[in-house]
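Listed below are the residues making up each chain.
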Amino acid sequence: MKGNSVTSESHAVRFILITCTMCFLALFLFLPLAAVFAEALRKGWELFFASLHEEVALSAIKLTLITAAISVIANTIFGVSASWLITKFSFRGRSLLLTLIDLPFAVSPIIAGLVWIFLFGSKGWFGPWLTEHQIQIIFALPGIIIATLFVTFPFVARELIPLMESQSNDQEEAAITLGASGWQVFLRVTLPNIKWGLLYGILLCNARAMGEFGAVSVVSGHIRGKTNTLPLHIEVLYNEYQFSAAFACATLLALLALVTLGLKSLVEGIQKSETKDRNPLH
Amino acid sequence: MKPHQIIITLLSLSILITSCGKSKQSGKTIKILNVSYDPTREFYVEINAAFQKKWDAEHGKHLEIEQSHGGSGKQSRSVIDGLEADVVTLALAGDIDAIHQQTNRLPENWQTRLPYNSSPYTSTIVFVVRKGNPKAIKDWSDLTTKGLQVITPNPKTSGGARWNYLAAWTWAARNYAGDQTRILDYMNRLFKNVPVLDTGARGSTTTFAQRGIGDVLLSWENEAYLIEKEFPGQTQIVYPSISILAEPPVALVDKNAEKHGTREVAEAYLKFLYTDEAQDLAGKHFYRPRNEEIGKRYLTTLPSIPLVTIDEEFGGWKKAQKIHFDDGGTFDRIYQP
């Protein structure tokens, strides 16, 4: 931190501000994280691994991974096509679509869960039809996936739209002039331009999909070993006084979050160095 | 790695994971789902293991019993919304009545199909206080002391909370000789002392025992003993002068069981709750066994105190539900958050 003409505050002010920020960070970020790990290991490593190895815990982990994988794939496809549509074309209802994409951010998770009960619950709009055809959506895997999809809907699109808006259409237009098909333009020109933003969006989407509690809790039915995702399983363990086991599973989620953040900063680093490399060409 | 390679890898990974999930199904397994309320978690773990062993030995098929727990009212709501329970083991008859009224998945006379009002075990409502009873809480009259904090869940969502409410009402009705205004005034003062209303009994227990909030917890008797076990030396149980006989009923959800082809095993499961083995497990988990012989073994932990029944005191659950807990009932009148 060298003396900068723009920031002319005295050392004392700077010192106080930095200390405040650091204390705040320590209190609200590091302390809870440390508490999770400490609580998890309170009764030793053996119990820590045992509680992750339990059948219901394994099934919760598996359910979480399946849900996250499907949500990420579906929302990647949706996100890319939506942002492609919104940024490369102008059409009626464009801003409406843009607003709708943000809807899941604005809606409380409990509503995001309850709407599916109103639609697919046995007393809901499509309930009788579903019962007749023996299709179970709520309180089963499909319901959990739908709720997660809804909640993680905007992540990829929201990440891509500003990026694609900032890029001009010149390269695509040049490719089309040179005889490339639409698909070729997308794969060879658009995708390479947005890949890091896309990856970043996918990471965020994945983190949320794995951690979602509220909406999933409403549609899950809480059947242990069957419809409890990892966050719900943690709640169950906590309610059964198995605090160490609950925190052991919580560490798993915390680790996933840390890995996601690590990957995120890696992606950001690569992104920056690439734009630096490219700049001289312009 | 190129972007489309990433996508392909992700796709194949997900297919791999999904196929892992499917390999679990097999023809020799039969599954039933028991949707229960909060404090029965530990009890049904043992019941399920015992019944499973018995069933597997007798039928040569593997039985899997799936469990779901939560506030009784919430669980009943889930079954109404399509949670496919083969049997429900809830906190009070009103919640099973609701399933009948809303979905007709079980007949109206469900409660007469098994002995003792379909309640294989009973319980009651007691006080849990901090060790040494620093606030000297002895009876219902002590709960309205100014500044005291009483922990009880929300009667709108929790079965235990409704029993708590009616137990308090029972005492007040006797103490004020049935004077409605004075009873309501007592209930009002009692709920003024409640700082948080959790949705289920277990939530209230963790609020009181783990988070250390409150001076007294109104609790299921069995839950109270569980707290002593989980948090040794921190709490003690106080039996009030009068309480209510809580009859948590069990029922087969006919339409669901028929759809799954599990009627036979589900019925056997519920009947098993009345056997000596299960009655003894009930006592062990601090439920009051219906079987008197077995009940005698547990008299030291589960002492006999004056208990009123819902039928005698309140004219049954339907009436009590309507007067006290439905919208506009006495609870809505006395409780303003």
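Residues numbered from 1 in each chain as written. Chains lettered and ligands numbered in written order. Predicted model: local features only at pLDDT ≥ 70, side-chain atom pairs only at ≥ 80, totals over all residues.

1. Concerning the interface of chain A and chain B
For clarity, the cut-off: Contact definition: two residues whose C-beta atoms, as placed from backbone geometry, lie within 7 Å. Starting at the N terminus, helices and strands are each numbered in turn, a helix being any DSSP run of H or I of at least four residues and a strand any DSSP run of E of at least two. Here the nonpolar group is Ala, Val, Leu, Ile, Met, Phe, Trp, Tyr, Cys and Pro; Asp, Glu, Lys and Arg are the charged ones; every other residue, Gly included, is treated as polar.
Each partner contributes to the interface: chain A provides 27 residues, whereas chain B provides 26 residues. Counting residues per element, the ones that place at least two in the side of chain A that touches chain B are α3 (55–88) and α10 (182–211) of chain A. Looking at the side of chain A that touches chain B element by element, the count peaks at 7 residues for α3(A). For the side of chain A that touches chain B, the class distribution of residues is 13 nonpolar, 8 polar and 6 charged.

2. As for helix α6 (residues 180–192) of chain B
Residues and elements named next belong to chain B. Inclusion rule: Expected helix span is given by 1.5 Å per residue-to-residue step, counting one fewer step than there are residues. Neighbour density around each residue's C-beta defines its exposure: 20 or more other C-beta atoms within 10 Å make it buried, 12 or fewer make it exposed, and counts between make it partly exposed, where C-beta atoms are placed from the backbone. Starting at the helix axis, one direction is taken to each C-beta atom, and the arc is that of these directions.
Helix length check: α6 (13 residues) gives 18 Å between terminal C-alpha atoms against 18 Å at 1.5 Å per residue, within 8%. Taken as a whole, α6 has its buried residues at I183, Y186, M187, L190 and F191. Projected down its long axis, α6 shows its buried positions confined to an angular sector of 130°, all on one face. Of the surrounding secondary structure, the elements contacted by the buried residues of α6 are β5 (150–151), α5 (159–175) and α15 (330–334).

3. Here's the deal with α10(A)
Formally: Bend, at a single residue, is the angle you get between axes fitted to the 7 residues ending at that residue and the 7 residues starting at it.
Helix length check: α10(A), at 30 residues, gives a terminal C-alpha distance of 37 Å against a target of 44 Å (1.5 Å per residue), a shortfall beyond 12%. Where α10(A) bends most, at K195(A), the angle is about 60°.

4. Quick look at the sheet that holds strand β2 (residues 62–68) of chain B
All names here are of chain B. Definition in use: Being paired, for any two strands, means DSSP has found at least two bridges between them. In this description, a line fitted to the C-alpha atoms serves as the axis of each element, helices being fitted only across the stretch in contact, and the angle between N-to-C directions of two axes falls anywhere from 0 to 180 degrees.
On the basis of which strands lie adjacent, the open sheet formed by 4 strands has the order β2-β1-β3-β9 and mixed pairing. Looking at which strands have only one partner, the edges of the open sheet turn out to be β2 and β9 (250–252). Put simply, the sheet's adjacent strands are angled 20° from each other on average, direction ignored. Pairing of strand β3 (residues 87–89) with β9 involves 3 bridges; the strand directions are antiparallel. Across the sheet, residue T89 finds its bridge partner in β9, namely V250.

5. Quick word on the nonpolar core
Cut-off, in case you're wondering: For the purposes of this analysis, a nonpolar core is taken to be any set of buried Ala, Val, Leu, Ile, Met, Phe, Trp, Tyr and Cys residues that are connected through C-beta atoms within 7 Å.
Core analysis: the largest hydrophobic core is formed by 146 residues, its most contacted members being A147(A), V219(A), C249(A), V87(B), V88(B) and V253(B). In this view, A147(A) contacts A112(A), G113(A), W116(A), A215(A), V216(A) and V219(A); residues no more than four positions away in its chain are not counted.

6. A short note on unusual backbone geometry
Comment: phi is negative for the bulk of residues other than glycine, and the bulk of peptide bonds are trans. Residues and elements named next belong to chain B. Even without being a glycine, S118 presents a positive backbone phi close to 60°. When you line up the elements, S118 lands in the loop between α4 (93–103) and β4 (121–130). Residue S118 is classed as buried on the basis of its 21 C-beta neighbours within 10 Å. For A177, which is not glycine, the phi torsion reads 50° and is therefore positive. With respect to the helices, strands and loops of the structure, A177 is situated in the loop between α5 and α6. A177 gets classed as exposed once you count the C-beta atoms within 10 Å, which come to 8.

7. Overview of the environment of D56(B)
Residue and element names in this part refer to chain B. Note that D56 resides in helix α2 (residues 41–59). Put simply, D56 and T29 are 27 residues apart on the chain and 9.8 Å apart in space, counted from C-alpha to C-alpha. Every residue in contact with D56, bar those within four places of it in the chain, is listed here: K61, H62 and L63.

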